[in-house]
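Structural overview for review
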Amino acid sequence: MATIGNTNLNAKLVLLGDMGAGKSSLVLRFVKGQFLEFQESTIGAAFFSQTVAVSDATVKFEIWDTAGQERYHSLAPMYYRGAAAAIIVYDITRTESLERAKKWVLELQKQGNPNMVTALAGNKCDLEEKRQVATEEARAYAEENGLLFLETSAKTAINVNDIFHEIAKRLPRAQPAQQPAGMVLADRPAEQSRASACCS
Ligand SMILES: Nc1nc2c(ncn2[C@@H]2O[C@H](COP(=O)(O)OP(=O)(O)OP(=O)(O)O)[C@@H](O)[C@H]2O)c(=O)[nH]1
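First things first, this report covers the structure right here in the doc. (Residues numbered from 1 in each chain as written. Predicted model: local features only at pLDDT ≥ 70, side-chain atom pairs only at ≥ 80, totals over all residues.)

1. Digging into the overall build of the chain
Within the chain, the secondary structure is distributed over six helices and seven strands. Its helices and strands taken in sequence order, the chain reads β-β-α-β-β-α-β-α-β-α-β-α-α from the N to the C terminus. Counting every position in the chain, which comprises 200 residues, the buried fraction comes to 37%. Partitioning the contacts of the chain with sequence separation of at least 6, the portion at a separation of at least 24 is 71%. (Helix = DSSP H or I, 4+ residues; strand = E, 2+ residues; numbered from the N terminus. Buried ≥ 20, exposed ≤ 12 C-beta atoms within 10 Å, placed from the backbone. Contact = placed C-beta atoms within 7 Å.)

2. Some thoughts on the pairing of strand β2 (residues 8-17)
Among the ten residues in β2, eight count as buried, and that is most of the element. Summarising the sheet, β2 and strand β4 (residues 57-66) pair through eight bridges and their orientation is parallel. If you follow N10 over to β4, its bridge partner there is K60. Bridge count between β2 and strand β5 (residues 85-91): five bridges; the pairing is parallel. (Pairing = 2+ DSSP bridges.)

3. A word on the nonpolar core
It is characteristic of soluble globular proteins that their nonpolar side chains tend to be buried jointly. Counting residues in each nonpolar core, the largest one holds 49 residues, and the members touching the most others are L13, V14, A85, A86, I87, I88 and L171. Not counting the four nearest positions on each side in its chain, A86 is found in contact with L13, V14, L16, Y80, L108, M116 and T118. (Core = buried A, V, L, I, M, F, W, Y, C linked by C-beta atoms within 7 Å.)

4. Focus: the site of the ligand
Neighbouring the ligand are 24 residues; G22, S24, S25, T42 and G68 lie closest to it. Among the elements that make up the shell around the ligand, the one with the highest residue count is helix α1 (residues 23-32) (three residues). Split by residue class, the shell around the ligand holds seven nonpolar, twelve polar and five charged. (Near = placed C-beta within 6 Å. Nonpolar A, V, L, I, M, F, W, Y, C, P; charged D, E, K, R; others polar.)

5. Quick notes on helix α5 (residues 160-170)
For α5, the full list of buried residues reads V160, I163, F164, I167 and A168. Projected onto a plane normal to the axis of α5, the buried residues spread over an arc of 135 degrees and lie on a single side. Elements that come into contact with the buried residues of α5 comprise α1, β3 (45-54), β4, β5, β6 (117-123) and β7 (148-151). (Arc of directions from axis to C-beta.)

6. So, the packing of α1 against α5
Relative orientation of the contacting elements α1 and α5 amounts to 85 degrees, with a least axis distance of 9 Å. The angle between α1 and α5 places the two elements in the roughly perpendicular class. Counting all contacts with α1, which are made through L26, R29 and F30, the residues of α5 involved are V160, N161 and F164. Considered class by class, the residues forming the contact of α1 with α5 number four nonpolar, one polar and one charged. (Axes fitted to C-alpha atoms, helices over the stretch in contact; angles between N-to-C directions. Parallel < 35°, antiparallel > 145°, perpendicular 65-115°, else oblique.)

7. Considerations on the environment of M78
By the element assignment, M78 lies in helix α2 (residues 76-80). In this structure the C-alpha to C-alpha distance between M78 and G112, which are 34 residues apart in sequence, comes to 11 Å.

8. Concerning the pairing of β7
One ladder, built from four bridges, connects β6 with β7; its direction is parallel. Residue pairing in the sheet places G122 in a bridge with E151 of β7. As a crossover connection, the stretch from β6 through helix α4 (residues 135-144) into β7 is right-handed. (Right-handed = clockwise from strand over helix to strand, strands pointing away.)

9. A word on the environment of V117
Note on placement: V117 falls in strand β6. Classification of V117 as buried rests on a count of 23 C-beta atoms within 10 Å. Sequence spacing of V117 and A157 is 40 residues, and the spatial spacing of their C-alpha atoms is 22 Å. Ignoring anything within four residues of it in the chain, the contact list for V117 reads A84, A85, I167, R170 and L171.

Now the structure itself:
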């Protein structure tokens, strides 16, 4: 969930989508400004963090990049549970990947946090000559389902920072009175003592 301390928010964000759609590549572009032509398939999930500034807040995204292979499907709830935001990624050159994305949308609608800010990313938009999914078709689907929608390219960086920025702008701003910063500080000594106890 998004939490607030002054104007600093921490927001857990999960990436979901078919294998090969470009989830890891989008994160690598956003976090490190890099792109790999032969990005390895994710095993289990990978964690990253990146901070963005929007007009009224600084948002630290805690990003879970999940594995798209079907055999890892059962792990996904661990990553989307409690998430403030999700990016569901499909590959504009593969119609099946949009079908898979729609299944993720349904799963989040049934089992995810109801206040989650969800975005649909039509990735690989640099491959216009291989396009199978029309922009307007995906946009209409996104509008019907209340999703933020952008076509992205991890390769050329088109719309990659933008999708994270748009999400950051839409995250609910928690009331400081409901989430006093003192609560967070009070948790820390207990965590430290647990950590030292386990190592002694
Ligand atoms: N042309 C192009 N290729 C891309 C883009 N994004 C990713 N790729 C390529 O697509 C392949 C798959 O990308 P990944 O980022 O591993 O995809 P993934 O969704 O994380 O895949 P899993 O980990 O198997 O779920 C890689 O070879 C990438 O280089 C893009 O925007 N444009």
